[in-house]
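Listed here are the chains, written in short residue letters.
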Amino acid sequence: MAESLPKLLKQSESMLPPYLASSSDPLNEELQCSVCLDVFTNPVTTPCGHNFCKSCLNQCWDKSEDCSCPFCKETFSRRPDLKINTALRQVVQHFKEKSGVTKSEVLCDICDDRKQKALKSCLMCQSSYCETHLEPHHRVPRLKKHKLINAVENLEDYICEQHERPLELFCRDDQTFVCPICTMTGHKNHDTVPLEEESEEKKTQVMKIQTDVQQMIQDRIKKIQDVKHSADLRKQSMEKEKADSNELFTALMHSIEKCQAELLEKMEEKQEVAEEQEEELIEELKKEITELKRRDTELEQLSNTEDHLQLIQSYPSMCRPFDTKQRTDISVNTPVSLSTIRAALTELQQTLEEKLSETELKRMHLYAVDVTLDPDTAHPNLILSDDGKQVRHGDIKRDVPDNPERFDKCVIVLGKEGFLSGRFYFEVQVMKKTEWYLGVARESVTRKGRIILKPQNGYWVILLRNGNEYKALEDSPVLLSLKVKPQKVGVFVDYEEGLVSFYDVESRSHIYSFTGQTFNGKLYPYFCPALNKDGKNSDPLIISPVS
């Protein structure tokens, strides 16, 4: 074999792998096994200092009567105990990675000519076998007991360096691989299990982690879908709001034009009446002036007469009172008074506010949600209807589990559905009640013990107390002045805008808004019917469908 090696090397130059044949780097030759003409696999070093693939060198020595170096022919008195040159193996690995070489497949250690792909590696034989050369391990009783694993390139990694036995066990105490002899020495009394068992457990954990990761992926995909859906809804809502706004302002313009036309018509009517009165007055005054001028002439003649008889006879008729109308009450009416204009403007303003409120409520109805009460959050004294739409306070404390979600001191219940984005709206009947609390709450709010309702603590709530005292529970409560007592309250939330608004549905008027808020986590509808106070406040809060 020694005589044929140089010839074999020369004949095989054209058979070099592409990543060696195409490179002029001198390092290629240094990392090439002179037997297989390939980059080292598990390189070992002979006592004379030359390097070979471990399997290549073992094959050479298995077929020869003596042990000599295939390169320099130095003969050894006994067969050397070969150990993997780990430093050289790392250099080879680095070279492969730098050269862009993909991980090479494991080849059979027994094949002489064209090496076949290895199917299994034997931990006892410390060799890899193709399907043909693996056959004895399935047939020979002694070989059947050997430990077979899927073919690996670095087989020595599966062998105990201290005892040269297969690493068949795993020490859970030290988190390391051990052989059977290790369990009787340094790992005695340790918790050791077969690799298969530890692998299965790790696989189970990996599958659980994978399931969690897949769930996280699905959650994020759903979040993306929710965001896109929210964006679509917002776009549709914006288009609808634009259309409603155009309709509103068109109606307002018609109202203004109509009001203006009515004002002008009234002004013209009053102007015509005034002109008629003025003309009649002027005509009457002209007639009286003519009559007075005639009498003045007669009086002038009478005063200058020398006829005493005529003077005495004419005197009674000339001195009688002049028959004329008393016109101290006559006045010209102002065409349109200031009070009339103000009244018209007030009427127009009311029309405007009514149309704005109507449009606002119509816009909110686009975001109506079906709210159902969550019994797992309800205080033990609260009684919920079977359909989850009504809640009232009862005197008897129910025997229910004290789960983390349940309020234990304050008579509160939340809705089942939480909202993490977008807008939502719901309506609640509060008629006949003398006290109630309504709004939304953050999912992470404190549910045990005494609770202070304010935005800083995750509550956005308004209330009614003592039958007519309304408040918005800001950090400093705000007293609300309402013209009418609400019978049904609408609650509207815009998550992204940080807005929580309350409306009187029946009168279509705004009650109060929390603005500029920052929401972290889900928001849930909040309900508190308050204590029944000996039946005076026993009526329930009723979640009503949005019409």
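Computed from a predicted structure; not experimentally measured.

So, how was this worked out
- Position labels on residues start from 1 in each chain and follow its written sequence.
- Local features in a predicted model are, by the rule used here, given only for residues with pLDDT of at least 70; side-chain atom pairs are given and counted only at 80 or more, and totals for whole chains, interfaces and linings are based on all residues.
- For side-chain calculations, the full set of non-hydrogen atoms in the structure is used, while hydrogens and water are omitted.
- Each helix is a run of H or I in the DSSP string that is no shorter than four residues. Each strand is a run of E no shorter than two, and both are numbered from the N terminus.
- Only protein chains enter the area calculation, which uses a 1.4 Å probe; residues under 20% of their type maximum are buried, those over 50% are exposed, and those in between are partly exposed.
- Reported accessibility uses the Shrake-Rupley method at a 1.4 Å probe radius. Residues are deemed covered only where the shown protein chains occlude them.
- When DSSP finds at least two bridges between two strands, those strands are taken to pair.
- Throughout this description, a polar contact denotes any pair of N or O atoms lying within 3.5 Å of each other; where both atoms belong to protein, one of them has to be capable of donating a hydrogen while the other can accept it, and for residues adjacent in sequence the pair is counted only when both atoms sit in side chains.
- Should any heavy atoms of two residues lie within 4.5 Å, those residues are counted as being in contact.
- The criterion is simple. A nonpolar core is a set of buried Ala, Val, Leu, Ile, Met, Phe, Trp, Tyr and Cys residues joined through side-chain atoms within 4.5 Å.
- Any carboxyl oxygen of Asp or Glu that lies within 4 Å of a side-chain nitrogen of Lys or Arg is treated as forming a salt bridge with it.
- Aromatic contacts are taken between Phe, Tyr and Trp rings whose centres are within 6.5 Å, Trp giving its six-membered ring; a plane angle under 30 degrees counts as stacked, one over 60 as edge-to-face, and the others as tilted.
- Only protein atoms enter the calculation, which uses a 1 Å grid: trapped sets of points that fit a 1.4 Å probe without letting it out are cavities, open sets showing protein on both sides within 12 Å along at least five of seven lines are pockets, and any residue with an atom within 4 Å of a point is a lining residue.
- Grid points are joined across faces, edges and corners, and a volume is the space filled by probe spheres set on the points.
- A patch consists of residues exposed above 30% relative accessible area that lack any salt bridge, with like charges linked at up to 9 Å and nonpolar side chains (Val, Leu, Ile, Met, Phe, Trp, Tyr) linked at up to 5 Å.
- Two residue types count as positive, namely Lys and Arg, and two as negative, namely Asp and Glu; His and chain ends fall outside the count.
- By convention, the charge on Lys lies at NZ, on Arg at CZ, on Asp at CG and on Glu at CD.
- Under this scheme, a helix contributes an axis fitted over its contacting stretch, all axes are lines through C-alpha atoms, and angles between N-to-C directions fall in the 0 to 180 degree range.
- Helix span, as expected, comes to 1.5 Å for every residue beyond the first.
- Taking the helix axis as origin, the arc is that swept by the directions to the C-beta atoms.

Considerations on the overall build of the chain
Now for step 1: Helix and strand content of the chain: 10 helices and 23 strands.
Now for step 2: Looking at the 547 residues of the chain, the share that counts as buried comes to 34%.
Now for step 3: Carbon and sulfur atoms make up 51% of the accessible area of the chain, which totals about 34700 Å².

Regarding the pairing of strand β20 (residues 499-504)
Now for step 1: Within β20, 5 of the 6 residues are buried, which leaves it mostly tucked inside the rest of the structure.
Now for step 2: The turn linking strand β19 (residues 488-494) back onto β20 is made up of 4 residues, and Gly498 within it adopts a positive phi angle of 65 degrees.
Now for step 3: The pairing of β20 with strand β21 (residues 509-514) spans 5 bridges and is classified as antiparallel. Residue pairing for β21: Tyr503 is matched across the bridge by His510.

Remarks on the side chain of Ser501
Now for step 1: With respect to the secondary-structure elements, Ser501 resides in strand β20.
Now for step 2: Engagement of the side chain of Ser501 in a polar contact is seen with the side chain of Ser513, the distance being 2.5 Å.
Now for step 3: Dropping the residues within four chain positions of it, Ser501 is found in contact with Gly490, Val491, Phe492, Tyr512 and Ser513.

Here we look at the nonpolar core
Now for step 1: If you look at the biggest cluster of nonpolar residues, it comprises 51 residues, and the most contacted ones within it are Trp436, Tyr437, Tyr459, Tyr526 and Phe527.
Now for step 2: When residues of this core are assigned to their parent elements, the largest contribution, 6 residues, is made by strand β16 (residues 459-465).
Now for step 3: Grouped together as the second largest cluster of nonpolar side chains are 20 residues, Leu31, Val39, Leu88 and Val92 included.

A short note on the pattern of salt bridges
Think of it this way: side chains of opposite charge can pair up when their charged atoms draw near.
Now for step 1: Counted by the stated rule, this structure contains 20 salt bridges.
Now for step 2: Arg294 is the salt-bridge partner of Glu298, the closest N and O atoms lying 2.5 Å from each other. Separated by 4 residues within a single helix, Glu298 and Arg294 lie in helix α8 (residues 195-304), roughly one turn from each other.
Now for step 3: Shared partners join several salt bridges into a network, and the residues in it are Arg172, Glu197, Glu198, Glu201 and Lys202.

Considerations on the packing of aromatic side chains
What characterises a pair of aromatic rings is the spacing of the ring centres plus the angle enclosed by the ring planes.
Now for step 1: Tallied over the entire structure, the rule returns 11 aromatic pairs.
Now for step 2: Here the aromatic cluster, defined as three or more aromatic residues joined through ring pairs, consists of Trp460, Tyr495 and Phe519.

Structural notes on the layout of surface pockets
Now for step 1: In this structure, the second largest pocket encloses a volume near 780 Å³.
Now for step 2: Forming the boundary of the second largest pocket are 25 residues, of which Asp226, Ser230, Phe419, Ser421 and Gly422 lie nearest the centre.
Now for step 3: A per-element tally of the lining of the second largest pocket places α8 first, with 10 residues.

Some thoughts on unusual backbone geometry
Now for step 1: Not every positive phi belongs to a glycine, and Asn189 is a case in point at roughly 70 degrees.
Now for step 2: Note on placement: Asn189 falls in the loop between β9 (176-178) and β10 (192-194).
Now for step 3: On the accessibility criterion, Asn189 (73% relative accessible area) is exposed.
Now for step 4: Look at Ala530: it is not a glycine, yet its phi comes out positive at around 65 degrees.
Now for step 5: Residue placement: Ala530 occurs in the loop between β22 (523-528) and β23 (541-544).

A few points about the pairing of strand β15 (residues 436-442)
Now for step 1: For β15, the buried fraction is high: 7 of the 7 residues fall into the buried class.
Now for step 2: Here 6 bridges tie β15 to β16, and the two strands are oriented antiparallel to one another. Within the sheet, the bridge partner assigned to Gly439 lies in β16 and is Val461.
Now for step 3: In terms of strand pairing, β15 meets β22 through 6 bridges, oriented antiparallel. In the strand pairing of β22, Ala441 is matched with Tyr524.

Comments concerning a negative patch on the surface
Now for step 1: Taken together, the side chains of Glu262, Glu265, Glu268, Glu269, Glu272, Glu275, Glu276, Glu278, Glu279, Glu280 and Glu283 present a region of like negative charge at the surface.
Now for step 2: Residue placement: Glu272 occurs in helix α8.

Details of the sheet that holds strand β18 (residues 478-480)
Now for step 1: The 6 strands are arranged β13-β22-β15-β16-β17-β18 in an open sheet whose pairing can be described as antiparallel. The open sheet has two free edges, formed respectively by β13 (413-414) and β18, since each of these has just one partner strand.

Structural notes on the sheet that holds strand β7 (residues 148-150)
Now for step 1: With respect to topology, 3 strands assemble into an open sheet ordered β6-β5-β7, the strand pairing being antiparallel. The sheet is open, and its two borders are formed by β6 (127-129) and β7, each paired with just one other strand. Adjacent strand axes in the sheet meet at a mean angle of 35 degrees, parallel and antiparallel pairs treated alike.
Now for step 2: Pairing of strand β5 (residues 120-122) with β6 involves 3 bridges; the strand directions are antiparallel. Paired with Cys122 across the strands is Ser127, a residue of β6.

A few points about helix α5 (residues 86-98)
Now for step 1: Here α5 spans 18 Å end to end across 13 residues, near enough to the 18 Å set by a 1.5 Å rise per residue.
Now for step 2: Every buried residue of α5 is listed here: Leu88, Val92, Phe95 and Lys96. In an axial view of α5, the angular spread of the buried residues amounts to 100 degrees, which keeps them on one side of the axis. Projecting away from the buried face of α5 at angles above 90 degrees are the exposed residues Gln90, His94, Glu97 and Lys98.

Quick word on a nonpolar patch on the surface
Now for step 1: Nonpolar side chains collect at one region of the surface, where Ile209, Val213, Ile217 and Ile221 lie side by side and expose about 320 Å² of accessible area between them.
Now for step 2: On the secondary structure map, Ile217 appears in helix α8.

Overview of the environment of His229
Now for step 1: In this structure, His229 sits in helix α8.
Now for step 2: When the C-alpha atoms of His229 and Gly422 are compared, they prove to be 9.4 Å apart, with 193 residues separating the residues in sequence.

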